[in-house]
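Overview (structure and organization)
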Amino acid sequence: MAGEPQADCLFCKIVSGDVPATVVRETETVVAFRDINPQAPTHILVIPRVHHPDAASLAAAEPAVAADVLREAGEIAAAENVDGSGYRIVFNTGSGAGQTVFHAHAHLLGGRGLQWPPG
């Protein structure tokens, strides 16, 4: 069920502490940790503690938590000193867009030039 932890979800296991991660920030609603396959010098995943399969379903079901994910991404960008040079927040939705873990999450990328369009 959406919102409930899923036994087969890697990110739910990180939230519960069953799988280790390099956590950089935690709040009541989100956990943020370093990506194990970074695509930029700063690459942090910001995830809601509640399980929703993607950003759209999270925003529809729990808009305040979706806002928390974005707000925390901005706070982390400042703490990582990439707010001045610029950073990107990416939500991949669906396997065709590169989503591999079906628990809503934002990629915070910074610390290098980020070209447009991405891809």
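Structure shown above.
I will try to describe carefully the structure that is included in this document. (Residues numbered from 1 in each chain as written. Predicted model: local features only at pLDDT ≥ 70, side-chain atom pairs only at ≥ 80, totals over all residues. Heavy atoms only, no water.)

1. A closer look at the pattern of salt bridges
Side-chain pairing between opposite charges can occur once the charged atoms of the two side chains come close. Going through the model one piece at a time under the given rule, you end up with four salt bridges. Here E26 makes a salt bridge to R49, at a shortest N to O gap of 2.9 Å. Of this pair, E26 sits in strand β1 (residues 23–26) while R49 sits in the loop between β3 (42–48) and α2 (55–61), and the two are 23 residues apart along the sequence. Here R49 falls in the partly exposed class, since its relative accessible area comes to 26%. (Salt bridge = Lys/Arg side-chain N within 4 Å of Asp/Glu carboxyl O. Helix = DSSP H or I, 4+ residues; strand = E, 2+ residues; numbered from the N terminus. Buried < 20%, exposed > 50% of the residue type's maximum accessible area, 1.4 Å probe, protein only.)

2. Quick look at helix α3 (residues 63–79)
Spanning 17 residues, α3 covers 24 Å between terminal C-alpha atoms, matching the ideal 24 Å at 1.5 Å per step. For α3, the set of buried residues is V65, A66, D68, V69, E72, A73, I76 and A77. On its buried face, α3 is in contact with β1, β2 (30–34), β3, α2, β4 (87–90) and β5 (106–110). In the segment just after α3, N81 is the residue with positive phi, at about 60°. (Expected span 1.5 Å × (residues − 1). Contact = heavy atoms within 4.5 Å.)

3. Notes on the packing of aromatic side chains
Scanning all chains against the criterion turns up one aromatic pair. With a centroid separation of 5.5 Å and an interplanar angle of 75°, the aromatic rings of F11 and F33 are classed as edge-to-face. A residue pair is termed long-range when its members are at least 10 positions apart, and F11 in helix α1 (residues 10–16) and F33 in strand β2 qualify at 22 residues. Exposure class is identical for F11 and F33. Each is buried. (Phe/Tyr/Trp six-rings, centres within 6.5 Å; stacked < 30°, edge-to-face > 60°.)

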